[in-house]
Amino acid sequence: MAKDLSSAQLSSTPLSLGGLLPPSFEEATNRRQKARAAGLDPDYWYPVEYDERLEAGQTREVVFWKRSIAIFRGQDGQVRAVENRCAHRQVKLSLGVVEGCNVVCPYHGWAYDGEGRLASVPHDFFGKNRPDFRIRSFPVQIRYGLIWIFPGDPEKAQTKSLPEIPELEGKNRWSCVPVDFTWRAHHSMIIDNVSDFTHAYLHRRFRPFTDAKLKNLVVEEDRVLLSYDTKVGDGPISKYFVNRKRVNTNSIELGYEYPYQWSNTDNKIKHWCFVLPIDERTTRSFFLFYFKALDIPFTSASIPRWAMAPFLRIANRLLVKPLLTEDGFAVEAEQEGYDSCFDAPVAELNPAVHQFQRLTVKKWEEYLRRQASKGAEASPCKTGVTLQQVPAAE
């Protein structure tokens, strides 16, 4: 049952009809409501920031599903991630500084290493031994120019792999310049958007795809695979950079390989979308578009490999970001509409979208069952924390 709100509560929450908020996952009465309330299973790797944006000696806050995490790069160049709070007074460590390979709280100077152990305390212990506190730490990887963290069970980090993108690694790797957006929309709306090709009207200016017809839809254990017959990249500018004699742009394959999304046009044009769920209404999305080759317009020559990265930076600014900004407008408008009309009849026609939502709901239910089998989930300020308290004064 949806929750009723007082006027004071409404001032800080999304407005909806009748003073009601959309139901929680447990309260949801249909699949759409469940999908729009589900989190993402933390037992996967998630990108949280660009590697190049975190310099040695810097710390930054990132958030995974309402849990604040401090990432920091030590003077050795290694990136570490810990729970974003000092065990002393709960001040965010991302507000502090990095000294050596430790992150230091700005309040009393308590320093923590990459394992979350209290490494040093710069003030008097009042006749007691140094306190032995430990906050949670998170596994970290750097790949594809992104910092990835594993916010779930750290013992599973070794068995869960990042998406394999061989085209972005090695001597002959394809050029890729990622872009990202933070949108006020639930992550499931973004997954629906990037794989649902019925919204060509939204992109009638840029025409990234037109006349789409769903050709195949295959549902497997943890993924949904689909393809459309469509005209890809038929925009007024983009069409001049793709050689349609070498690239079949009349169809596209897509996949929702939970929790990641990808597309593939003739093994020549590809992309991945990685979503970072911040809360029920906020998602950061990283888009990686990469191309085997693009043509110099009105010639038979391809853009040289050395020029691809600079070209993609310009293309991102002039084409990709404006195009994706249209998607951002749409999903934020959808979120606003859902907040107001969450009880409206489900009017979705695309069968693929129903399968995306089924998978999102299924995986969240699996996670919740695992948590229930372990007992009630601890609060974010207790999960994974080992505290050996300072003996009380006599």
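Since the model is a prediction, treat every value here as computed from it, not as a measurement.

Digging into the pattern of salt bridges
Inference 1: One pass over the full model with this rule turns up 29 salt bridges.
Inference 2: For the salt bridge of Arg117 with Asp113, the shortest nitrogen-to-oxygen distance reads 3.0 Å.
Inference 3: Of the residues examined, Arg117 reaches a relative accessible area of 40% and is grouped as partly exposed.
Inference 4: A relative accessible area of 15% means that Asp113 is categorised as buried.
Inference 5: Among the salt bridges present, the one from Asp234 reaches Arg207, with a minimum N-O distance of 3.2 Å. Of the two residues, Asp234 sits in the loop between strand 16 (223-232) and strand 17 (251-257) while Arg207 sits in the loop between helix 3 (187-195) and strand 15 (209-219), which places them 27 residues apart along the sequence.
Inference 6: If you follow the salt bridges from partner to partner, you end up with Glu49, Arg53, Arg60, Asp180 and Arg284 in one network.

Considerations on the confidence of the model for the protein
Inference 1: When pLDDT is averaged along the protein, the result is 91; 90% of the residues meet or exceed 70.
Inference 2: With pLDDT under 50 throughout, residues 4-12 is counted as low confidence; its partners more than four residues away or in other chains account for ten contacts.
Inference 3: Confidence over residues 383-394 falls short of pLDDT 50; this stretch has 24 contacts with residues more than four positions distant or in other chains.

Considering the packing of aromatic side chains
Inference 1: Within this structure, the stated rule accounts for 23 aromatic pairs.
Inference 2: On the numbers, 4.8 Å between centres and 50° between planes, the contact of Tyr46 with Phe64 is tilted. Of the two residues, Tyr46 is situated in strand 1 (residues 46-50) and Phe64 in strand 2 (residues 59-64); the sequence distance between them amounts to 18 residues. No difference in accessibility class separates Tyr46 from Phe64, as the two residues are buried.
Inference 3: On the basis of an interplanar angle of 80° and a centroid distance of 6.4 Å, the ring pair of Trp148 and Tyr260 is categorised as edge-to-face. One end of the pair, Trp148, is in strand 12 (residues 146-149); the other, Tyr260, is in strand 18 (residues 260-265), and 112 residues separate them in sequence.
Inference 4: Judged by relative accessible area, which is 0%, Trp148 ranks as buried.
Inference 5: For Tyr260, a relative accessible area of 6% corresponds to the buried category.
Inference 6: Ring pairing ties together the aromatic residues Tyr44, Tyr256, Tyr258 and Phe356, which thus form one cluster.

Points about the sheet that holds strand 12
Inference 1: The strand order across the open sheet built from three strands is 1-12-11, with neighbouring strands paired in antiparallel fashion. Taken across any chain shown, the strands that pair with only one partner, and hence form the sheet edges, are strand 1 and strand 11 (140-143). Pairs of neighbouring strands in the sheet enclose a mean axial angle of 35°, with direction left out of account.
Inference 2: With four bridges joining them, strand 11 and strand 12 adopt antiparallel strand pairing. Within strand 12, the residue paired with Ile142 across the bridge is Ile147.

What counts, and where the lines are drawn
Residues numbered from 1 in each chain as written. Predicted model: local features only at pLDDT ≥ 70, side-chain atom pairs only at ≥ 80, totals over all residues. Heavy atoms only, no water. Salt bridge = Lys/Arg side-chain N within 4 Å of Asp/Glu carboxyl O. Buried < 20%, exposed > 50% of the residue type's maximum accessible area, 1.4 Å probe, protein only. Helix = DSSP H or I, 4+ residues; strand = E, 2+ residues; numbered from the N terminus. pLDDT = per-residue confidence, 0-100. Contact = heavy atoms within 4.5 Å. Phe/Tyr/Trp six-rings, centres within 6.5 Å; stacked < 30°, edge-to-face > 60°. Pairing = 2+ DSSP bridges. Axes fitted to C-alpha atoms, helices over the stretch in contact; angles between N-to-C directions.

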